[in-house]
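What follows is each chain in one-letter form.
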Amino acid sequence: MSTINVREKLLEVAGPVFSEKGFEKATVREICQKADVNLASVNYYFGDKEQLYLEVICLAKQMGVSRAPLPEWTETTPPEQKLEDWVKTLVRRMLGTGELSWSNHLIMREVLRPTRACEHLVQELFRPFVNIADNILLEILGEDVPDHRRMQCVFSIAAQCQFYRVSGGLVTLMLGEEEQKAHYNTEQIIEHILQFSLSAIKNLKHEYLSSEMESSSSLNQI
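To start, this report covers the structure provided alongside it. All values reported here derive from a predicted model rather than from experimental measurement.

Conventions adopted
Residues numbered from 1 in each chain as written. Predicted model: local features only at pLDDT ≥ 70, side-chain atom pairs only at ≥ 80, totals over all residues. Heavy atoms only, no water. 1 Å grid on protein atoms, 1.4 Å probe; cavity = no way out; pocket = protein on both sides within 12 Å on 5 of 7 lines; lining within 4 Å. Points joined across faces, edges and corners; volume = space filled by probe spheres on them. Helix = DSSP H or I, 4+ residues; strand = E, 2+ residues; numbered from the N terminus. Axes fitted to C-alpha atoms, helices over the stretch in contact; angles between N-to-C directions. Parallel < 35°, antiparallel > 145°, perpendicular 65-115°, else oblique. Left-handed = near helix turned anticlockwise from the far one by under 90°. Contact = heavy atoms within 4.5 Å. Phe/Tyr/Trp six-rings, centres within 6.5 Å; stacked < 30°, edge-to-face > 60°. Buried < 20%, exposed > 50% of the residue type's maximum accessible area, 1.4 Å probe, protein only. Disulfide = S-S within 2.5 Å.

Another aspect to go through is the layout of surface pockets. Quantified by volume, the largest pocket comes out at close to 510 Å³. In this structure, the largest pocket is lined by 22 residues; those nearest its centre are Leu90, Met94, Ile107, Val111 and Phe126. Every element with two or more residues in the lining of the largest pocket is listed here: helix H4 (49–67), helix H5 (79–94), helix H6 (101–112), helix H7 (117–141) and helix H8 (147–166).

Below you can see the structure in the form of structure tokens.
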């Protein structure tokens with residue numbers, strides 16, 4: 001097996017192992033046995049287990065982005081369309097299934113039980129993606145809505161998406177498989193989250209516009 005193939009094989013095997021057991025419980029011995037390589041291979045190619053884990057996290061990030069990339073927008077793309085694309089992208093990344101689903105599970109595990117690798121995810125994946133949503137909401141809400149309120153909206157939208165990733169099994173238990181399949185497929189979840197969120201965003205904008213009008217009226221009366 002060539003040097004490149006050994007390195008790739010270790011990454012390929014380590015992904016599902018880390019996803020299933022987490023960083024602490026996964027062992028270098030198990031990963032090397034499953035990859036059918038020498039026990040010293042991890043240290044040789046990656047330095048240590050932690051660096052292997054970080055590179056697996058990077059691979060999982062790349063897989064998620066390539067599986068559900070954001071579309072390219074033009075200057076004339078309405079912000080509501082951008083928000084719809086953003087929600088679709090996030091839900092599809094979170095709910096991805098099939099042979100590559102270990103990458104989704106590993107990233108979610110890292111979110112719920114962060115290690116030092118989570119700093120990389122924040123800087124390279126989460127923060128840039130959240131900033132995109134923040135800029136979209138700035139287009140919709142305008143500058144009169146404070147920055148912290150916009151960010152609260154972004155987190156609220158993301159939390160809805162995350163709920164179906166973390167609590168999908170609970171939804172099925174509460175509603176039953178028939179109800180879940182009929183009304184909670186990926187596209188239906190996306191549509192609900194988008195409609196619910198846009199209504200809340202528009203209500204927030206109305207709230208601040210009304211507050212401004214009241215303030216202006218009060219000043220005129222002085």
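At their nearest, the axes of H6 and H8 sit 12 Å apart, and the two run at 115° to each other. What the angle tells us is that H6 and H8 run roughly perpendicular. For the element pair H6 and H8, the recorded crossing hand is left-handed. Contact residues: Asn104, His105, Met108, Val111 and Leu112 in H6; Gln162, Arg165 and Val166 in H8.

In this section: the packing of aromatic side chains. For the structure on display, the rule yields 6 aromatic pairs. Aromatic pair Tyr44 and Tyr45: ring centres 4.8 Å apart, planes at 85°, arrangement edge-to-face. For Tyr44, a relative accessible area of 64% gives the class exposed. On the basis of an interplanar angle of 20° and a centroid distance of 4.8 Å, the ring pair of Trp86 and Phe129 is categorised as stacked.

The phi torsion at Asp36 lies on the positive side, around 60°, for a residue other than glycine. Within the fold, Asp36 resides in the loop between helix H2 (28–35) and helix H3 (41–46). Exposure remark for Asp36: the relative accessible area of 67% places this residue in the exposed category.

As enumerated under the stated definition, the model contains 0 disulfides in all. Here Cys32 is not disulfide-linked; the sulfur of Cys58 is the nearest cysteine sulfur, at 19 Å.

Take Arg93: it is sitting in helix H5. Not counting residues within four places of it along the chain, the set of residues in contact with Arg93 comprises Gly64, Val65, Arg67, Ala68, Pro69, Leu70, Asn104, Leu125 and Phe129.

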